[in-house]
Amino acid sequence: MTGPAQRSQEVESWPGDDVMWEAYGRLEEGDPLAVGRVDAPVVMIEYADFRCGYCGKFARDIEPELIRRYVDTGVLRIEWRNFPVLGAESEDAARAGWAAGQQGRFWEFHSLAYARGAEFEGFSESRLKKLAKKAGVSDPDRFATDMHSRVADGWIGNDQGEAEKLGVVSTPTFLINGRPIVGAQSLDVFVEAIEDAHDRPWGPAGPSRGADSPSPPGH
């Protein structure tokens, strides 16, 4: 995990630099683990672990403002990737989040799992079921089945494989139009990266800014 006081880490050499960033953005309508327009000019992919305290700090302190400024105005799309690196309970929480998403409640589960101090309560199966119920999951039997399904394992395994291919080693790690940022950095770091990505595509593979693309607030 990376500390919030640490300076922004923008990786000089990234194993996935030769791969177009679009290969990692799923850009699927109705993706339960994403928020924002599929045609948003900026895509931020987050690799995170529900037991990671700094992931929680980002979720509580930074993400809501990014949603207000950029997702709600059509500039940014955020796509979540499970990268459980802190043991068996991380993996169980990842499966539970995915299962909640199958009933349209991933982001509600995400907020509860990242509530202040939540990581210290642990993620036993009984607690995960309670979080799912509180998040509004309406079919607990389906939730339990989905959580333990091979499909859930497959999705989470794909996320982990993607992260490992890119060279992600800690959480949270972000790709903003392919630009890697490591750690729960300040709001200003994310604002600068998002606005820069909107104005200047990241490398030759980045998306171009169309004439009808929404402009960030203040532009």
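Thresholds, definitions, all that
Residue numbers run consecutively from 1 along every chain, following the written order of its sequence. Only residues with pLDDT of at least 70 get local features here, since the model is predicted, and only at 80 or more are side-chain atom pairs given and counted; chain-wide, interface and lining totals rely on the full set of residues. Side-chain numbers here rest on the full set of heavy atoms in the structure, without hydrogens or water. Helix numbering and strand numbering both begin at the N terminus, where a helix is a DSSP run of H or I of at least 4 residues and a strand a DSSP run of E of at least 2. Contact criterion: two residues are considered in contact whenever any of their non-hydrogen atoms come within 4.5 Å of each other. The protein chains shown are the only cover counted for residues, whose accessible areas, like all others here, come from Shrake-Rupley with a 1.4 Å probe. Type-normalised accessible area, obtained with a 1.4 Å probe on protein chains alone, sets the label of each residue: buried when under 20%, exposed when over 50%, and partly exposed for intermediate values. DSSP bridges decide pairing: two strands pair if at least two such bridges lie between them. By definition, pLDDT measures how confident the predictor is in each residue, and it falls between 0 and 100. Each direction from the helix axis to a C-beta atom contributes to the arc, which is the arc of those directions.

## Focus on the overall build of the protein chain
Link 1 in the chain: Assigned secondary structure in the protein chain consists of eight helices and five strands.
Link 2 in the chain: In the protein chain, of all internal contacts separated by at least 6 residues, the share reaching a separation of at least 24 is 76%.
Link 3 in the chain: Carbon and sulfur atoms form 49% of the exposed surface of the protein chain, whose accessible area is close to 10200 Å².

## Regarding the environment of G161
Link 1 in the chain: Within the secondary structure, G161 sits in helix α7 (residues 150-166).
Link 2 in the chain: Expressed as a C-alpha distance, the spacing of G161 and F83, which sit 78 residues apart in the sequence, is 9.0 Å.

## Structural notes on the pairing of strand β4 (residues 173-176)
Link 1 in the chain: What you see with β4 is no split at all: T173 and L175 on one side and F174 and I176 on the other are buried throughout.
Link 2 in the chain: With four bridges joining them, strand β2 (residues 42-48) and β4 adopt antiparallel strand pairing. Residue I45 lies in a different strand from β4, and its bridge partner there is L175.
Link 3 in the chain: Taking the residues between adjacent antiparallel strands as the criterion, β4 and strand β5 (residues 179-182) are bridged by two residues, where N177 takes a positive phi near 50°.

## Points about the confidence of the model for the protein chain
Any residue range with low pLDDT should be treated as having predicted coordinates unsuitable for detailed reading.
Link 1 in the chain: The pLDDT averaged across the protein chain works out to 82; a share of 80% of its residues lies at or above 70.
Link 2 in the chain: Within the protein chain, the lowest mean pLDDT, 88, falls on β5, and the highest, 97, falls on helix α2 (residues 63-71).
Link 3 in the chain: Note that pLDDT drops below 50 for residues 1-19; the model gives that stretch 43 contacts with residues more than four away or on any other chain.
Link 4 in the chain: Here residues 202-219 is modelled with pLDDT under 50, and outside its nearest four sequence neighbours on either side it reaches 39 contacts, counting other chains as well.

## Remarks on helix α5 (residues 125-135)
Link 1 in the chain: Restricting attention to buried positions, one finds in α5 the residues R127, L128, L131, A132 and A135. In an axial view of α5, the angular spread of the buried residues amounts to 140°, which keeps them on one side of the axis. The outward face of α5, more than 90 degrees from its buried face, is lined by the exposed residues K130, K133 and K134.
Link 2 in the chain: Those residues of α5 that are buried lie in contact with α3 (88-101), α4 (106-113) and α6 (140-147).
Link 3 in the chain: G136 lies just past α5 and shows a positive phi near 100°.

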